[in-house]
Amino acid sequence: MHALKFDWNPVTGIDIVGNFKLHFYSLMWVIAFIIGWYIMKRIFTKEKISLDYLDPLFIYTVLATMLGARLGHVLFYQSELISQDFFSIFLPFKFKGGFEFTGFQGLASHGAAIGIIIGMYLYRKKYNYKSLLWVLDRVVISVASGAIFIRIGNFINSEIIGKVTESNFGVRFIQDQYYKSQITQLTGIKDVQEAYNAVTDNPQFAQLLEKVPYRHPAQLYESFCYIFVFIILWYFYSKTKKREQTGFLFGLFLILLWTIRFFVEFTKEPQGDEYINWANLNTGQWLSIPFILIGLYFMFVYKPKTTVK
């Protein structure tokens, strides 16, 4: 294994019983939410906000993120699920072609962003202690930290893969190249994980390994960049007075995160059907542009009508 060129064939979860599997991707979401909760607790304590508002904020954020991300994926990338496997949209199971626990797969960050904004609006209507933008200015710090782990989860799952590098750099995603039923058929090994392992470890299947191209680890590109998004947001919140400028942190978050997403998209393979593909830009890039423009507005144009108490 070369440092810049390696095979990726991980165990993606822990088998519990039957078709139930505890996916590491799901654990990444749990870690993201837990860390986000602690960040918001620190913010609430720092600004002397009652912690009674914290748990409801957590619940609204979790539900809004998951529902928004799932619906966003279906609407932007996999609308055929509406007619082909409707209940899989809302449940962590696959029903078409046999019942299987899949965890919450197929989640779009653009949908999550829209879901969070709507969720915070609904939260603010019920818990009227600060403005909506005050909440968003602080929630995005937690969201940025969570995004780091979500992309690591995508890497573990060998999903949202990058384009072929055609060079001496990249990752061979074994589990993306061969589907479960395909790999068991090609190797003659019934156990799926053992079949995948045989591709990388058994010289008998070297020809299968050679067919797997080296790709950009686009998930890790994003995860690494999101570390800096979090650091920058936390710096402006904790070390400057920009936290008092309503909408500034929210706008900064939108610009940083979606600019990163825009450029990393150049290294990614299409995610399902590309419903928007104009001027050599894909769906993810076109969906990122409005968020960047909104961010510019809140950073440099928006002026609150009233002073936040």
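Quick notes on the rules
- Residues numbered from 1 in each chain as written.
- Predicted model: local features only at pLDDT ≥ 70, side-chain atom pairs only at ≥ 80, totals over all residues.
- Heavy atoms only, no water.
- UniProt positions renumbered as here; feature names shortened; annotations may be inferred.
- Phe/Tyr/Trp six-rings, centres within 6.5 Å; stacked < 30°, edge-to-face > 60°.
- Helix = DSSP H or I, 4+ residues; strand = E, 2+ residues; numbered from the N terminus.
- Buried < 20%, exposed > 50% of the residue type's maximum accessible area, 1.4 Å probe, protein only.
- Lys NZ or Arg CZ within 6 Å of the ring centre and 35° of its normal.
- Salt bridge = Lys/Arg side-chain N within 4 Å of Asp/Glu carboxyl O.

- As named in an unreviewed UniProt entry, the chain is Phosphatidylglycerol--prolipoprotein diacylglyceryl transferase, taken from Flavivirga amylovorans.
- Checking UniProt for the chain, the heading Subcellular location (unreviewed entry) contains the comment "Cell membrane".
- Per UniProt, the chain has the following entry under Function (unreviewed entry): "Catalyzes the transfer of the diacylglyceryl group from phosphatidylglycerol to the sulfhydryl group of the N-terminal cysteine of a prolipoprotein, the first step in the formation of mature lipoproteins."

Here we look at the packing of aromatic side chains
Right, so step 1: Summed over the entire model, instances satisfying the criterion amount to 27 aromatic pairs.
Right, so step 2: Both rings, one in Tyr-53 and one in Tyr-129, keep their centres 4.0 Å apart while their planes meet at 15°; by these two values the pair is stacked. Of this pair, Tyr-53 sits in the loop between helix H1 (24-46) and helix H2 (54-76) while Tyr-129 sits in the loop between helix H4 (109-126) and helix H5 (132-156), and the two are 76 residues apart along the sequence.
Right, so step 3: Residue Tyr-53 is classed as partly exposed on the basis of its relative accessible area, which comes to 26%.
Right, so step 4: Aromatic rings pair up to connect Phe-44, Tyr-53, Tyr-60, Tyr-123, Tyr-127, Tyr-129 and Trp-134 into one cluster.
Right, so step 5: Just above the ring of Phe-248 sits the side chain of Lys-242; from NZ or CZ to the centre is 4.7 Å.
Right, so step 6: In this structure, Arg-243 packs its charged tip against the face of Tyr-237, placed 5.6 Å from the ring centre.

Notes on the UniProt feature "transmembrane region" (unreviewed entry) in the chain
Right, so step 1: Under the local residue numbering, the UniProt record ascribes the feature "transmembrane region" (unreviewed entry) to residues 20-39, 51-71, 103-123, 135-156, 218-236, 248-264 and 284-302.
Right, so step 2: Structurally, residues 284-302 comprises 89% helix and 0% strand, and the distance from its first C-alpha atom to its last is 26 Å.

Focus: the pattern of salt bridges
Right, so step 1: Here the structure, examined in full by the defined rule, presents 7 salt bridges.
Right, so step 2: When the shortest N-O distance is used, the salt bridge between Arg-215 and Glu-269 registers 2.7 Å. Of this pair, Arg-215 sits in the loop between helix H9 (206-210) and helix H10 (218-239) while Glu-269 sits in the loop between helix H11 (248-264) and helix H12 (283-300), and the two are 54 residues apart along the sequence.
Right, so step 3: On the accessibility criterion, Arg-215 (11% relative accessible area) is buried.
Right, so step 4: A salt bridge links Arg-261 to Glu-265; its shortest N-O distance comes to 2.5 Å. Here Arg-261 and Glu-265 have matching classes, each one buried.
Right, so step 5: A network of salt bridges, in which partner residues are shared, links Arg-151, Glu-222, Arg-261, Glu-265 and Lys-268.

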